[in-house]
Amino acid sequence: MTESLRFETRCVHVGVDKDSAYDSAITPIYPSSTFGWSDLKTNKGYEYTRSGNPTRRALEENIAALEGGVDCKATATGMSAITTVLHMFKPGDHIIAGNDIYGGTYRLFEAVFAPLGIEISFINMQDAANVRKAVKPNTRCIWIETPSNPLLNLVDIEAVVEIARGCGALTVADNTFLSPYLQRPLELGVDVVIHSTTKYLNGHSDVVGGAIVSARKEQADKIGYLVNALGQGCSPFDAWLVLRGIKTLGPRMEAHQRNAAAIARMLDGHAAVERVYYPGLESHPHHALAKKQQKGFGAMVTFDVKGDRARAERVMTRLKLFRLAESLGGVESLVAYPDTMSHASMTEESRRAAGISERTVRVSVGIEHVDDLLADLRQALEA
Ligand SMILES: *Cc1c(COP(=O)(O)O)cnc(C)c1O
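Report follows, based on the coordinates. (Residues numbered from 1 in each chain as written. Predicted model: local features only at pLDDT ≥ 70, side-chain atom pairs only at ≥ 80, totals over all residues. Heavy atoms only, no water.)

1. Quick word on the overall build of the protein chain
Per the secondary structure count, the protein chain includes 14 helices and 14 strands. Relative to a compact globule of 383 residues, whose C-alpha radius of gyration would be 21 Å, the protein chain shows 21 Å and is just as compact. Viewed in the frame of its principal axes, the protein chain has a C-alpha envelope of about 75 × 50 × 35 Å. When burial is assessed residue by residue, the protein chain has 56% of its 383 residues classed as buried. Within the structure as shown, the protein chain displays about 16,400 Å² of accessible surface, and the carbon and sulfur contribution to it stands at 52%. For the protein chain, the centre of its 42 positive side-chain charges and the centre of its 45 negative side-chain charges are spaced 1 Å apart. (Helix = DSSP H or I, 4+ residues; strand = E, 2+ residues; numbered from the N terminus. Rg over C-alpha atoms; globule rule 2.2 N^0.38 Å. Buried < 20%, exposed > 50% of the residue type's maximum accessible area, 1.4 Å probe, protein only. Areas by Shrake-Rupley, 256 points an atom, 1.4 Å probe, with all protein chains shown as cover. Lys, Arg positive; Asp, Glu negative; His and termini not counted. Charge placed at Lys NZ, Arg CZ, Asp CG, Glu CD.)

So this is what it looks like as structure tokens:
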């Protein structure tokens, strides 16, 4: 039935029929660590919560339906989703990833999995030709993250999938920045999608969580085995919160990106702003690709202020509605400084090489009234 339902309807209805006791309108939280057996061979489908839990299962069915996958596993954090996927590879395997991927992913590759013998090449993936050049006989995975953080560069998903198919590598896409409402990598041929549900899927900045969605049963089985073996599953309460957040994903994303577009346009014409990075602007180098592979431009906006570091700091600390904080994707607007926050684990040299300057400011645009957000940004820029 769920295949015929439209996206917003799936958000609300998939995974909510778990209560046979009282027919509750929403999925109950089952905090039980263990479940009973009626004889030595029979239980009601769940035995122990690390291996499976009805509330977590409801969330997994929901996210699988949104991304169009055969199955999903909900994990404790976005990083635990990535950690699980990386356990599909063994020493000697080679992974290609972008040089502007999420800082935590970069650290996990570099500091944890590289010393275990996984070989990783960080390249500029904005040009698919670089991906083709980076392929080696032992390449087993191509890691896609698009749009990237904080400069919102895009990777051409279909072009990378074609290269991966040519060399038998698995493609994994981190779809955190857009959510399945705006981008569905599995429909473009990607094998596995991961999420930090902490961001748009939950959307209310009150949980950390992750998800892994597979296009095919073979990978889904392997990942399901690993999530249980490694103990990565999320708590029933966290699953319930994310499931609740997802119900409003469609309307939230519409409101987020409507506000973001207005803010990007205002900043683009502002005398105190040097440059704006937003895929919805025609001046963005990947605007055409964004129109092709995304269903919208998202709600992350990055800009360089004119002047120096002190000027950027003044703008950020003068903002009143945009809280100075890491993370993104919640209903409330946030402002972050990549140089000392999200990208602090990179060397200054690699930050500059990636185009992150000391004047670069990133905002996660929330769903407040756009006029209040515009006024707040203006007063901070003009003070
Ligand atoms: C936040 C984030 C992660 C990590 O997720 P956590 O829930 O913080 O563990 C991974 N990828 C991207 C793109 C993110 O924004």
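2. Topic: the sheet that holds strand E11 (residues 300-305)
Taking strand neighbours across the sheet as the criterion, the five strands line up as E10-E11-E14-E13-E12 in an open arrangement whose pairing is mixed. Edge positions in the sheet fall to strand E10 (273-277) and strand E12 (323-324), since each of these pairs with one other strand and no more. (Pairing = 2+ DSSP bridges.)

3. Description of the environment of Leu-201
Along the chain, Leu-201 falls in the loop between strand E8 (192-196) and strand E9 (210-214). Residue Leu-201 is classed as buried on the basis of its relative accessible area, which comes to 2%. Put simply, Leu-201 and Met-253 are 52 residues apart on the chain and 9.6 Å apart in space, counted from C-alpha to C-alpha. Filtering out sequence-adjacent residues up to four positions away, Leu-201 remains in contact with Ile-63, Pro-180, His-195, Val-242, Gly-245, Ile-246, Leu-249 and Arg-252. (Contact = heavy atoms within 4.5 Å.)

4. Digging into the packing of helix H10 (residues 249-268) against helix H14 (residues 370-382)
For the pair H10 and H14, interaxial distance at closest approach is 10 Å and the crossing angle is 30°. In terms of orientation, H10 lies roughly parallel with respect to H14. Considering only the axes of H10 and H14, their crossing is right-handed. Two secondary-structure elements touch here, H10 through Asn-259, Ala-262, Ile-263, Met-266 and Leu-267 and H14 through Val-370, Leu-373, Leu-374, Leu-377, Arg-378 and Leu-381. By residue class, the composition of the contact of H10 with H14 is nine nonpolar, one polar and one charged. (Axes fitted to C-alpha atoms, helices over the stretch in contact; angles between N-to-C directions. Parallel < 35°, antiparallel > 145°, perpendicular 65-115°, else oblique. Left-handed = near helix turned anticlockwise from the far one by under 90°. Nonpolar A, V, L, I, M, F, W, Y, C, P; charged D, E, K, R; others polar.)

5. Let's talk about helix H3 (residues 78-86)
With eight of its nine residues buried, H3 lies for the most part within the structure. Of all the residues in H3, the buried ones are Gly-78, Ser-80, Ala-81, Ile-82, Thr-83, Thr-84, Val-85 and Leu-86. Where H3 starts, the residue carrying a side-chain oxygen 3.3 Å from the main-chain nitrogen of Met-79 turns out to be Thr-77. (Polar contact = N/O pair within 3.5 Å; in protein donor to acceptor, adjacent residues only side chain to side chain.)

6. Focus: the pattern of salt bridges
Under the defined criterion, the tally for this structure stands at 19 salt bridges. Between Glu-61 and Lys-18 there is a salt bridge, and its shortest N-O distance comes to 3.5 Å. With a gap of 43 residues between them, Glu-61 in helix H2 (residues 54-67) and Lys-18 in the loop between helix H1 (7-13) and strand E1 (37-39) connect regions that are remote in the sequence. Judged by relative accessible area, Lys-18 falls into the partly exposed class, the value being 21%. With its nearest N and O atoms 3.9 Å apart, the salt bridge here joins Lys-73 to Glu-60. Residue Lys-73 is located in strand E3 (residues 71-75), and its partner Glu-60 is located in helix H2; the two are separated by 13 residues in the primary sequence. Side by side, Lys-73 and Glu-60 carry an identical accessibility label, which is buried. Three or more residues joined by partner-sharing salt bridges are found here, namely Lys-18, Arg-57, Glu-60, Glu-61, Asp-71 and Lys-73. (Salt bridge = Lys/Arg side-chain N within 4 Å of Asp/Glu carboxyl O.)

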